[in-house]
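# Residue-level structure breakdown
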Amino acid sequence: MKDRLQNWLPRLVVAPSFLLVLLFVYGFILYTAYLSMTNSRMLPSSEWVGFANYTKLFKLRSWDTALKNLAIFGILYIVICSALGLFLAILLDQKIRAEGVIRPIYLYPMALSFIVTGTAWKWFLDPGIGIENTMHAWGWESFHFDWIKNRSFAIYTVVMAAVWQSSGFVMAMFLAGLRGVDNEIIKAAQIDGASGFRIYRRIIIPLMRPVFLSAFVVLAHLAIKAYDLVIALTGGGPGRATELPATFMYSYTFTRNQMGIGASSAIIMLIMIFSIIIPYVYSETKNGENR
Amino acid sequence: MSGVSQDNAVTGNRLTRALIYTVLIFFVIYYLLPLYVMVVNSLKPLDEIRGGNLMALPQNWSLQPWRDAWSAAQIGVEPTGLKPYFANSFKIVVPAVILSTIVGALNGYVLTKCRFRGANVVFALLLLSCFIPFQIVLIPAARILGLLGIAGTIKGLILIHFVYGIGFSTLFFRNYYAAFPTELIGAAQIDGATFFQIFTRILLPNSGPIIVVTVIWQFTNQWNDFLFGASFSGFDSTPMTVALNNLVNSSTGVKEYNVHFAGAILAALPTLFVYVVSGRYFVRGLMAGAVKG
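Residues numbered from 1 in each chain as written. Chains lettered and ligands numbered in written order. Predicted model: local features only at pLDDT ≥ 70, side-chain atom pairs only at ≥ 80, totals over all residues. Heavy atoms only, no water.

### Side note on a nonpolar patch on the surface
On the surface, a nonpolar cluster with roughly 330 Å² of combined accessible area is contributed by B:Phe90, B:Val94, B:Ile98 and B:Ile102. Judged by its relative accessible area of 47%, B:Ile98 falls in the partly exposed class. (Patch = residues over 30% accessible without salt bridge, like charges linked within 9 Å, V, L, I, M, F, W, Y side chains within 5 Å. Areas by Shrake-Rupley, 256 points an atom, 1.4 Å probe, with all protein chains shown as cover. Salt bridge = Lys/Arg side-chain N within 4 Å of Asp/Glu carboxyl O. Buried < 20%, exposed > 50% of the residue type's maximum accessible area, 1.4 Å probe, protein only.)

Dropping the structure here:
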């Protein structure tokens with residue numbers, strides 16, 4: 001009797017988590033998928049409309065804006081964070097004396113809430129009191145920087161704040177990668193007379209491929225989820241200029257009472273994330289087993 | 001972290017070294033600048049910000065913005081300051097962190113040391129749940145909280161943070177326990193140790209670092225959460241991030257930048273404190289969360 005209990009205990013222990021996650025994650029995904037095929041407005045409805053919400057969604061101009069903004073934001077965010085992260089990691093890997101002081105400073109923004117980051121940058125970039133005003137006070141009268149109020153450029157201010165927040169983290173990932181490079185390879189190259197710059201370009205940076213991949217996955221998934229930062233920095237504005245899928249979903253579902261369309265936009269977000277995460281997790285776990 | 005890698009360094013002359021240090025210091029300034037702006041301007045009277053220079057040190061130092069942000073600023077209807085919301089965040093985050101850490105530790109134990117059929121499926125589902133965009137669960141979660149009668153309450157938010165924290169906690173503990181020698185556990189079983197004795201006497205005493213990593217990760221994520229707070233909190237359960245955003249973005253009339261900056265620092269203090277005290281573990285959590293299943 002006792003033995004049988006001991007046999008079942010492990011399953012009993014994971015069962016509650018398993019059931020909770022099954023309901024709160026997978027059950028909820030199915031329910032949202034179901035809602036996306038109904039004509040739910042303010043409240044969930046059971047009237048089936050098939051893929052009509054999706055057709056409507058892709059005809060909406062604000063969804064179009066959200067996707068275009070996500071493309072701009074996502075690409076710049078990923079490229080700049082990776083480039084800056086790698087660059088800083090390489091510099092920090094040159095036997096820097098104060099590394100112990102510099103590294104934590106590069107990384108601390110990751111501990112902050114996006115709302116805090118958004119608030120700081122919102123006023124820092126504000127033409128009235130921020131950087132423009134400061135430059136004028138310092139005597140550079142013609143300095144002009146109003147991107148945060150400018151429909152065509154506001155999305156780039158979101159990139160600036162997001163890069164500030166995440167690039168230090170990418171730096172830490174690359175630094176860990178650089179520290180794992182086998183010294184023998186580098187020594188051999190040095191004996192062959194390769195210069196420092198060439199060693200980096202030809203040997204070390206190509207070795208960083210797995211880190212580039214991890215950084216890409218992390219940053220891409222953060223970009224698709226990006227919500228708080230936009231809310232705090234621009235509120236999605238001016239007008240609709242910094243709308244992203246996440247802000248679109250929230251406003252259509254909760255303030256514009258178009259729950260069916262909101263649900264279909266959430267499903268599109270899920271598809272985007274899963275198409276990045278699932279292959280990655282699959283290959284990572286497979287590699288782990290082979291090792 | 002050091003020692004082995006020393007040979008990566010480009011052996012350059014003094015000029016290159018000077019250049020490297022210059023660039024590194026430039027970026028130190030870049031990362032510190034927003035924090036500097038927040039601190040400096042939270043200590044100025046309002047007219048100094050409006051008429052003056054965001055970079056300048058205060059001429060008349062003042063703690064009034066901090067007092068206002070903490071206990072007098074108008075947030076929503078009441079001029080309560082951020083104090084009650086700060087307390088709300090703690091009331092939500094502390095139980096949720098404890099719960100998801102304990103459950104994650106148990107799951108990690110079971111998934112690595114008691115192989116049973118379907119364990120891989122359970123883990124795959126838990127792992128994938130870490131990465132979903134939470135927009136996908138907002139509508140049904142709001143309904144469930146309503147059905148349970150805990151919509152807009154602290155309890156409701158604890159439940160939500162706990163449930164969506166299980167995945168990462170399990171991931172952390174599973175990866176940690178996977179490296180723990182299974183022979184030790186087998187030996188204990190032969191000696192007659194029960195399931196829970198093995199956990200409390202053998203695994204837990206050796207789990208110090210991973211407990212710290214998990215607690216820090218969960219605390220930082222849950223404290224910084226905005227989406228769940230904005231969606232599911234009510235009148236007296238609003239967390240700090242949502243209150244800060246209300247303070248900054250919906251204030252009618254005069255924009256009190258200095259109070260906003262003080263409020264932003266208040267909202268950042270707990271996670272910054274954790275980072276300063278245990279940065280090493282914070283980074284380990286980030287890395288573990290970023291890579292590997």
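Here the narrative resumes.
### A word on the interface of chain B and chain A
Across the boundary between the two partners, chain B contributes 93 residues, which contact 105 residues of chain A. When chain B packs against chain A, close to 9,000 Å² is buried across both sides, 74% of that on carbon and sulfur atoms. Applying the counting rule to chain B against chain A returns zero salt bridges. Remark: the boundary between chain B and chain A carries 23 residue pairs in polar contact (both at pLDDT 80 or more). (Contact = heavy atoms within 4.5 Å. Buried area = accessible area lost by both parts, 1.4 Å probe. Polar contact = N/O pair within 3.5 Å; in protein donor to acceptor, adjacent residues only side chain to side chain.)

### Regarding helix 7 (residues 154-179) of chain A
In this model, helix 7 of chain A (26 residues) spans 38 Å end to end at C-alpha, consistent with the 38 Å of a helix rising 1.5 Å per residue. Of all 26 residues making up helix 7 of chain A, 23 are buried, and the element is well covered by its neighbours. (Helix = DSSP H or I, 4+ residues; strand = E, 2+ residues; numbered from the N terminus. Expected span 1.5 Å × (residues − 1).)

### Concerning unusual backbone geometry
All names here are of chain A. The backbone phi angle of Lys 95 is positive, close to 50 degrees, even though this residue is not glycine. With respect to the helices and strands, the residue Lys 95 is situated in the loop between helix 3 (61-92) and helix 4 (99-107). Although it is not a glycine, Asn 257 sits at a positive phi angle of roughly 55 degrees. Within the fold, Asn 257 resides in the loop between helix 12 (245-255) and helix 13 (259-290). Look at Asn 257 and you get partly exposed, because its relative accessible area is 28%.

### Some words on the domain arrangement of chain B
All names here are of chain B. The domains assigned to chain B are domain 1 (2-74) and domain 2 (75-292). A straight line from the C-alpha centre of domain 1 to that of domain 2 covers 30 Å. Between domain 1 and domain 2, the contact holds 19 residues from the first and 23 residues from the second. Summing the contributions of domain 1 and of domain 2, the shared interface buries around 1,900 Å²; its carbon and sulfur component is 74%. On the surface where domain 1 and domain 2 come into contact, there are zero salt bridges. There are seven residue pairs in polar contact (both at pLDDT 80 or more) connecting domain 1 and domain 2. Of all the secondary structure elements, the ones that give two or more residues to the side of domain 1 that touches domain 2 are helix 1 (14-41), helix 2 (46-51) and helix 3 (64-71). (Domains from an automatic or database assignment.)

### Quick look at the pattern of salt bridges
Residue and element names in this part refer to chain A. Scanning the model with the defined rule gives six salt bridges over all chains in all. For Arg 240, the salt bridge is made with Glu 243, and the minimal N-O distance between the two is 3.2 Å. For Glu 243, a relative accessible area of 4% puts it in the buried group. Salt bridges here are not isolated pairs; linked through shared partners, they connect Asp 93, Glu 99, Arg 103 and Arg 179.

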